Amino acid sequence: MEQSPKSSHPPGVFLPELCNVQAVLLMVIATGLCALLFTLIYAGPGHFDWDYFALTSLFMLWVVLTSALILCRLRILGAGWSMSRQALVAYLIAPSITLIYAILANALFRKGALEEPGSGFWFVVQAVAISAILTGIILRYFYLQHLWHLQQKSELESRVQALQARIRPHFLFNSMNSIAGLIPINPNEAEEAVLDLAELFRAALKESSSLAPLKEELALCERYLRIEQLRLGERLTVKWDMRNLSDAARVPPLSIQPLVENAVYHGVQPSAEGGLITITAYEQGSWLYVLISNPVHNGDPSQGHKGNRIAMQNIRSRLQAFFGDQAVLKTSQMDGRFTATMRAPLHKRS
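Residues numbered from 1 in each chain as written. Predicted model: local features only at pLDDT ≥ 70, side-chain atom pairs only at ≥ 80, totals over all residues. Heavy atoms only, no water.

1. Some points on the nonpolar core
- Core analysis: the biggest nonpolar cluster contains 36 residues, and L214, I256, I292 and M342 have the highest contact counts within it.
- Elements with a minimum of two residues in this core: α7 (214-232), α8 (257-268), β4 (275-284), β5 (287-295), α9 (306-323) and β7 (337-345).
- For this core, the element with the highest residue contribution is α7, accounting for six residues.
- If near-sequence neighbours (up to four positions away) are discounted, L214 is found in contact with L245, A249, R250, V251, I256, A281, L288 and V290.
- Counting 21 residues, the second largest nonpolar core, distinct from the first, contains L15, M27, V63 and L74. (Core = buried A, V, L, I, M, F, W, Y, C linked by side-chain atoms within 4.5 Å. Buried < 20%, exposed > 50% of the residue type's maximum accessible area, 1.4 Å probe, protein only. Helix = DSSP H or I, 4+ residues; strand = E, 2+ residues; numbered from the N terminus. Contact = heavy atoms within 4.5 Å.)

2. Quick notes on the sheet that holds β4
- Ordered in space as β2-β4-β5-β7-β6, the five strands form an open sheet in which the pairing is mixed. What marks the edges here is a single partner per strand, and that holds for β2 (236-243) and β6 (328-334). Within this sheet the neighbouring strands show an average axis-to-axis angle of 15 degrees, counted without direction.
- As defined by bridge partners, β6 adjoins β7 across seven bridges and the pair is classed as antiparallel. Residue pairing in the sheet places V328 in a bridge with R343 of β7. (Pairing = 2+ DSSP bridges. Axes fitted to C-alpha atoms, helices over the stretch in contact; angles between N-to-C directions.)

3. A closer look at the packing of α7 against α8
- Packing of α7 against α8 brings their axes to within 9 Å, and their N-to-C directions diverge by 20 degrees. Classified by the angle their axes make, α7 and α8 are roughly parallel. Where α7 crosses over α8, the two elements pack in a sense that is right-handed. Mapping the contact onto sequence places L220, C221, Y224, L225, E228 and L232 in α7 and Q257, V260, E261, V264 and V268 in α8.
- Residue classes in the contact of α7 with α8 are distributed as eight nonpolar, one polar and two charged. (Parallel < 35°, antiparallel > 145°, perpendicular 65-115°, else oblique. Left-handed = near helix turned anticlockwise from the far one by under 90°. Nonpolar A, V, L, I, M, F, W, Y, C, P; charged D, E, K, R; others polar.)

4. Observations regarding the packing of helix α1 (residues 21-43) against helix α2 (residues 50-77)
- Put simply, α1 and α2 touch, their axes get as near as 9 Å, and they point 145 degrees apart. In this structure, α1 crosses over α2, and the sense of that crossing is right-handed. Contacts from V24, M27, V28, T31, G32, C34, A35, L36, F38, T39 and Y42 in α1 reach Y52, F53, T56, S57, M60, L61, V64, L65 and A68 in α2.
- Per-class residue counts for the contact of α1 with α2 are 15 nonpolar, five polar and no charged.

5. Thoughts on unusual backbone geometry
- For N244, which is not glycine, the phi dihedral falls at a positive 50 degrees.
- Residue position: N244 is located in the loop between β2 and β3 (250-251).
- With phi around 55 degrees, D335 is a residue other than glycine that occupies positive phi space.
- Turning to its location among the elements, D335 is positioned in the loop between β6 and β7.
- Taking relative accessible area as the criterion, D335 reaches 74% and is therefore assigned exposed.

6. What about the pattern of salt bridges?
- Within this structure, the stated rule accounts for three salt bridges.
- Here R226 and E222 are joined by a salt bridge, their closest N and O atoms 3.7 Å apart. Of this pair, R226 and E222 both sit in helix α7, separated by four residues, roughly a single helical turn.
- A relative accessible area of 35% places R226 in the partly exposed class.
- Judged by relative accessible area, which is 40%, E222 ranks as partly exposed.
- One salt bridge in this structure joins E228 and R231, with 2.8 Å as the shortest N-O distance. Highlighted residues: E228 and R231, both in helix α7, separated by three residues, approximately one helical turn. (Salt bridge = Lys/Arg side-chain N within 4 Å of Asp/Glu carboxyl O.)

7. Remarks on the confidence of the model for the protein chain
- Mean pLDDT over the protein chain: 78, with 78% of residues reaching 70 or higher.
- Residue range residues 1-11 is modelled with pLDDT below 50. Its contacts to residues more than four positions away, or to other chains, number 20 contacts.
- This stretch, residues 300-304, has a pLDDT under 50; its non-local contacts, to residues over four places away or in other chains, come to ten contacts. (pLDDT = per-residue confidence, 0-100.)

So this is what it looks like as structure tokens:
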């Protein structure tokens, strides 16, 4: 896949862009509404304290705009950080700014409008506490919004990539030629191949925003390999090692089949002798492990092919969208074999 949907988030950054005109306007409006709410709570029914509203609005605007400015810098500097580190630093910024401005406000207006039961030490404590609570809620919203956008993007990328992988002329023509050659010899096997091909297209076009049972994903891989077996014949050997998989073993849709396709495309097809692909899946503790292994012939650099890297990046994005930082997809090469390893938490439905 050569193109992908554009996103306003740099890779791995969940904070939105807060320094554009639209974002600043929304922050000013939201801050004014919050100041209005606090004023109504403070003044009580039948009375509106304009002085309190003005000072509260000024105080909150300074905190919000200063925090937004710092978060904009963090968004750039923290692009390479882990999600948890970004969240921790971002969470500390607003309460820290609030503490500084609250101390300054208390010192400047001690004898003015802030000389009320909420002034002094308790004013600082209350301001920081409110800031910490609101910051936590807002960051949680930003994180969920980021995961939603990431999931939408990765699902679209996965569908496009799957369509390109299935509808590539050579794949489609080779499959149809193999099926046509089977019709006079073994019509039953030809019919099975047509059903397998139809199931692959159906999976590529299917809309899905939830995890799929690993057994279904492996069944899809089996259909794909049966079609490739018609073309590659004895050159393609597959070893399955499934170890007591439970219903809790679930993965993002179309996350295993691209790994198997890469193994065929990079590990078996380039060699005249073919090779062995091993597919292993097992549960260990609260984790699911899936390993796809294929041969590397003479240190073939095609393992770093751009299509392979895009597929890996796409699957990592899907794992991130569903599991956050808990899921891992890594690759390794040892003793002439290339292995892709996926680890994901078991999905126990309540």
